[in-house]
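Residue-level listing of the chains:
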Protein chains: 2
Amino acid sequence: MASQRPGPNLSRIATSLGVSVATVSNALSGKGRVSDALIERIRAHAAELGYVPSQAGRALRTGRSAVLGLVLPDIANPLFPKIAQAIEYAASAAGYGVLIADSRGDITAQTEAINRLVERGVDGMVVVPRRATRISGASCPVAVIDTASTPGNTVAADHWQGGKEIAAHLASLGHKQILIIGNNHESNVQNDRAGGIRAGLQPGMRSETLWIERLENETGAGCRLGLAKKARQGFTAFAALSDLQALRALTELQQDGISVPADVSVTGFDDLIWSPVVTPSLTTVRMDMDTIAEIAVSALVNRINESGTREGVLVTAHTERVPMQLIIRQSSGLANPAPKTSEMESL
Amino acid sequence: MASQRPGPNLSRIATSLGVSVATVSNALSGKGRVSDALIERIRAHAAELGYVPSQAGRALRTGRSAVLGLVLPDIANPLFPKIAQAIEYAASAAGYGVLIADSRGDITAQTEAINRLVERGVDGMVVVPRRATRISGASCPVAVIDTASTPGNTVAADHWQGGKEIAAHLASLGHKQILIIGNNHESNVQNDRAGGIRAGLQPGMRSETLWIERLENETGAGCRLGLAKKARQGFTAFAALSDLQALRALTELQQDGISVPADVSVTGFDDLIWSPVVTPSLTTVRMDMDTIAEIAVSALVNRINESGTREGVLVTAHTERVPMQLIIRQSSGLANPAPKTSEMESL
DNA sequence: GCGCCGCGCTTAATCGTTTAATCAATTGCA
DNA sequence: TGCAATTGATTAAACGATTAAGCGCGGCGC
C-alpha cells in the first residue's frame, strides 16, 4: 500500500521489530552488545526482508568506500582479462568492489585515470604501470604490480626466475644458440625476463636479443623479423618475452617453411589464451596471477585497515616475487643437430 | 595547524567564505539562485582548495551512485580489453565510474556477480551475457550487448552483416567452397555470424560448418581440426567465427605445409590483438566497440535519468546494430584454382 | 541493605551533500 | 506610498549507516 523508498533499511527493520536502529546495526555487525536471542530475531527478519546495507550510508559514516581501483595503462594488454579477473576475485573475497580506469596508453591519461579513481573515493588501488613510468603520489594506498626491478614494486611474478626456467629447459634440449625476442627494451618486465634467460644459459650457450619495436621503427609496423635467416645462422631456439611475440615468431617461421619444433623451438611467456590451441601449442611460462592478486589486495587491505589517515603510499607486501611455472607444450623440442645450412657462428 | 579531516568539504568552504553550505552547493551546481559575483568567488575558492565533492555524501542524498556495473561472464574473453576500455571511456565521459564483476564462466556466478553489483548500488549495468543465458531481473536498468538475435539485446555489432562482408570478400576472390569454423553452436553471436556468411554466398558457392567444441568432446581438447584433409577435399577458404579460431586454423594449416594465402585463405572475426602481427596477418572483421559502448551507456544513462524509481529493466537503444568493418590483410587471397589433389566434392 | 558493576538496549550525534521551505531586502508597479 | 513580486541568501531536514555515551535494571559483593 503506502510504499516508501524501495529496499529495506535499518530503520525499517527496527520499527518493524520494535527496537532501535542502533540495536539492529549492532546485531547485524556483531559489534555492540546485543542478546543472542535478539540477534537471531533481527538477522532472521533482515534476511527475510532481503536487507542490503546501503554502501553510500556506510561510506559516508565510516569514510571507507569498500572499493579498490584498478589501473591498467597498457592499451589493450592481452593480460588484461587475467589480471582483472584475478584482482576482482581477490578484492571481492575481501569485501571490496573493483573500479576500473583504463588510460588509453597515454601517460598523462594515467594520472588522470588515477585522479578519477581518487575522486570516486577508492580506498586503495592496484596499478599495473605503463613501462618506465612512476606513480605520482595519489592520496590513497597504492599497490604496484610490475616486476621486482621496478622501484616501488609491491608484488609481481618472478620474471627473472621465469627466464631461467626457459633457459634451463632449452639447455636440457641441447640448444646452444638462442635468439631472445622482445618488444621494447625499456620495459622492466621484459628486461628481467631477458636477464633471467641470459643468466640461465649454460657454458657453451650464447644468446642474442632482438627488440621488435626498434626494428619496426626502421622497417615499419608488422614487418618481418627475419627469423629464417637467423635460423640459417644457427639459432635453434627462439625465446620470446611474451606469447604475443612468440606467436609472431611461430607464424613467421612456419610461413617460411621452417618446422616447429622439428627444425627450431619457440617459447613464450604468460600462457595467454591462444597458447594451448595453436599448432604447435606453445611452450611458455605462466604467472600465478591469482596469488599475485591476492597478495596485492591483502597488502592494500592491511594498509587501509591500519592507517586511519588515508595517506598516499606505495604499500609493500611480505612476498614480493611469485614463482612462474614452466608449461612444456609442443613448440619446444630437441635441438636439431643439423641446421639447413652451415653458416654457424658467422654472425 | 589544528587539522580536521583531510579534504575540503562544502562546510569548510562555506565558513571560510562566510556563507552557508547551501549557497556553496548551489553555486557549484548552478542550480539555486546565487548572484554571479558570489558564484565566481565560491568557484574560485573551491578550485583553490582543490575541493572534490564526496561521492558518498552525494550518493546518500540523491540515491544515485554515479557508477555503472560491467559484467563480463565469459572467462578470459579475449575481447575483454576492448570492451572494458570502450565502456570505461564512454561511462567516464558521461560522468560514471565502472565497477567490474567477472563471473568466472559460471552461470550461477553470473547472477551472483550481478547481485554484488546491485549491493554496491550501481545505477545501471552493462552485461555481455554468457551464451544462451538470460539476465534475471536485476533491480536496476540493464543494457545487454550480445547480438541482434538475442531477445532483450540492447545494442551489438551487426554480426550477420559482418558475416556477409566476409562471404562477399571470399566470393570476390573466387572461392567456391567455404569451411566455416566456429566454437560453440549455442552461441548466438557465432550463429549470427555463420548465418551471415551463408546468406552472403553467391550461387555456385557452398559452405560447411565445423564446430570445434563438438569435435573436442569426441577427440579431446586441443586436438587437430583436420583442415588439411578439408583442403584436399576442395575447400579453399576457412572462415573462422572468431580470430582465436582463425589463428588455430592458420597455424594448423601452416604446420601441415599448406600455404596461406597461396593455397587457401583464412579469415576471422573481431580483429583481436594478434591479428595484425601474425604471418600472414589476418583478414578479419572489426566491431566498432566505441560506438557500441557509447550507445549502451547513453541508453542506460537516459533510463537512469528519466525513471525516478530505479526499476530493473532491459533498456532499449535507438540503434540496435552497429555495422562491422572488413579489414583485408594478407591471409585471404585469390582462390587457388588447382588444389593439391582432386577429391573435390567427395564429402 | 546498599552500592557498584555490567548487561542490554536506546538516545543522539555525525559523516557531506542536496533541496524544499523560509525570510529579509530590494525592486516594480499602480 | 503601499503592496506584490522577485532576488539572494539562510535554515533545516533528509538520505542510511555507525558509534560513543547514557540509562535502567538485576545480580553480586561486602
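Bear in mind that the values here come from a model prediction, so they are computed numbers and not experimental data.

### Remarks on the protein's contact with DNA strand C
As a structural note, the neighbourhood of DNA strand C is formed by 24 residues, with A:Thr23, A:Ser35, B:Leu10, B:Tyr51 and B:Arg61 the closest of them. Those atoms of DNA strand C that come within 4 Å of the protein belong to sugar or phosphate at a rate of 62%. Within the backbone of A:Ser35, a nitrogen or oxygen atom sits 2.6 Å from a phosphate oxygen of DNA strand C. The backbone of B:Ser54 places a nitrogen or oxygen atom 3.2 Å from a phosphate oxygen of DNA strand C. At the level of secondary structure, the elements contributing two or more residues to the surface near DNA strand C comprise helix H2 (21-29) and helix H4 (55-62) of chain A together with helix H2 (21-29) and helix H4 (55-62) of chain B. In terms of residue count, the dominant contributor to the surface near DNA strand C is H4(B) (4 residues).

### Observations concerning the domain arrangement of chain A
All names here are of chain A. Taken domain by domain, chain A comprises domain 1 (10-53), domain 2 (67-140 + 289-322) and domain 3 (159-287). For domain 2 and domain 3, the distance between their C-alpha centroids amounts to 30 Å. Contact residues are listed per partner, giving 7 residues for domain 2 and 8 residues for domain 3. Across the domain 2/domain 3 interface, buried area totals approximately 790 Å², and carbon plus sulfur atoms make up 59% of it. At the boundary of domain 2 with domain 3, the tally comes to 0 salt bridges. Inspection of the domain 2/domain 3 interface yields 3 residue pairs in polar contact (both at pLDDT 80 or more).

### What about the nonpolar core?
The biggest cluster of nonpolar side chains holds 155 residues, and the ones touching the most others in it are A:Leu227, A:Phe238, A:Trp274, B:Leu227, B:Phe238 and B:Trp274. The contacts of B:Phe238, once residues within four sequence positions are left out, are B:Leu179, B:Ile181, B:Leu227, B:Lys230, B:Ala231, B:Leu253, B:Val264, B:Ser265, B:Val266 and B:Thr267. In terms of nonpolar packing, the next biggest core, distinct from the first, is built from 30 residues, A:Ala138, B:Val71, B:Ala113 and B:Ala138 among them.

### Overview of the relation of the copies chain A and chain B
Here chain A sits on chain B after a turn of 180 degrees about the axis and a move of 0.1 Å along it, with an RMSD of 0.2 Å. Such a turn and shift between the copies fits a two-fold axis. When the interface residues of chain A are mapped onto chain B, 100% of them are again interface residues, pointing to one common binding face.

### Structural notes on the pattern of salt bridges
Residues and elements named next belong to chain A. One pass over the structure, following the stated rule, counts 18 salt bridges over all chains. Here Arg303 and Glu306 are joined by a salt bridge, their closest N and O atoms 3.8 Å apart. Linking Arg303 with Glu306, this pair stays in helix H12 (residues 289-306), spanning 3 residues, or about one helical turn.

### Comments concerning the packing of helix H1 (residues 10-17) of chain B against H2(B)
Residues and elements named next belong to chain B. The interhelical angle for the contact between H1 and H2, taken along N-to-C directions, is 110 degrees, at an axis separation of 8 Å. The pairing of H1 with H2 is recorded here as roughly perpendicular in orientation. Contacts from Leu10, Ser11, Ile13 and Ala14 in H1 reach Val21, Val24, Ser25 and Leu28 in H2. For the contact of H1 with H2, a count of residues per class yields 6 nonpolar, 2 polar and no charged.

### Comments concerning the sheet that holds strand S4 (residues 142-144) of chain A
Read across the sheet, 8 strands follow the order S4(A)-S3(A)-S1(A)-S2(A)-S2(B)-S1(B)-S3(B)-S4(B) without closing on themselves; strand pairing throughout is mixed. The open sheet has two edge strands, S4 of chain A together with strand S4 (142-144) of chain B, and neither has a second partner. Strand-to-strand twist in this sheet, taken as the mean axis angle between neighbours without regard to direction, amounts to 25 degrees. Relative to strand S2 (residues 97-101) of chain B, strand S1 (residues 67-71) of chain B runs parallel, the two being bridged by 5 bridges. Note on S2(B): the bridge partner recorded for B:Val67 is B:Gly97.

### Looking at the pairing of strand S3 (residues 124-127) of chain A
Residues and elements named next belong to chain A. With burial as the criterion, each face of S3 is covered, one bearing Gly124 and Val126 and the other bearing Met125 and Val127. Bridge analysis of strand S1 (residues 67-71) against S3 gives 4 bridges, and the strand direction is parallel. Following the sheet pairing, Leu70 is matched in S3 by Val126. The pairing of S3 with S4 spans 3 bridges and is parallel. Across the sheet, residue Val126 finds its bridge partner in S4, namely Ala143.

What counts and how
- Residues numbered from 1 in each chain as written.
- Chains lettered and ligands numbered in written order.
- Predicted model: local features only at pLDDT ≥ 70, side-chain atom pairs only at ≥ 80, totals over all residues.
- Heavy atoms only, no water.
- Near = heavy atom within 4 Å.
- Polar contact = N/O pair within 3.5 Å; in protein donor to acceptor, adjacent residues only side chain to side chain.
- Helix = DSSP H or I, 4+ residues; strand = E, 2+ residues; numbered from the N terminus.
- Domains from an automatic or database assignment.
- Contact = heavy atoms within 4.5 Å.
- Buried area = accessible area lost by both parts, 1.4 Å probe.
- Salt bridge = Lys/Arg side-chain N within 4 Å of Asp/Glu carboxyl O.
- Core = buried A, V, L, I, M, F, W, Y, C linked by side-chain atoms within 4.5 Å.
- Buried < 20%, exposed > 50% of the residue type's maximum accessible area, 1.4 Å probe, protein only.
- Least-squares fit on C-alpha atoms with pLDDT ≥ 70 in both.
- Axes fitted to C-alpha atoms, helices over the stretch in contact; angles between N-to-C directions.
- Parallel < 35°, antiparallel > 145°, perpendicular 65-115°, else oblique.
- Nonpolar A, V, L, I, M, F, W, Y, C, P; charged D, E, K, R; others polar.
- Pairing = 2+ DSSP bridges.

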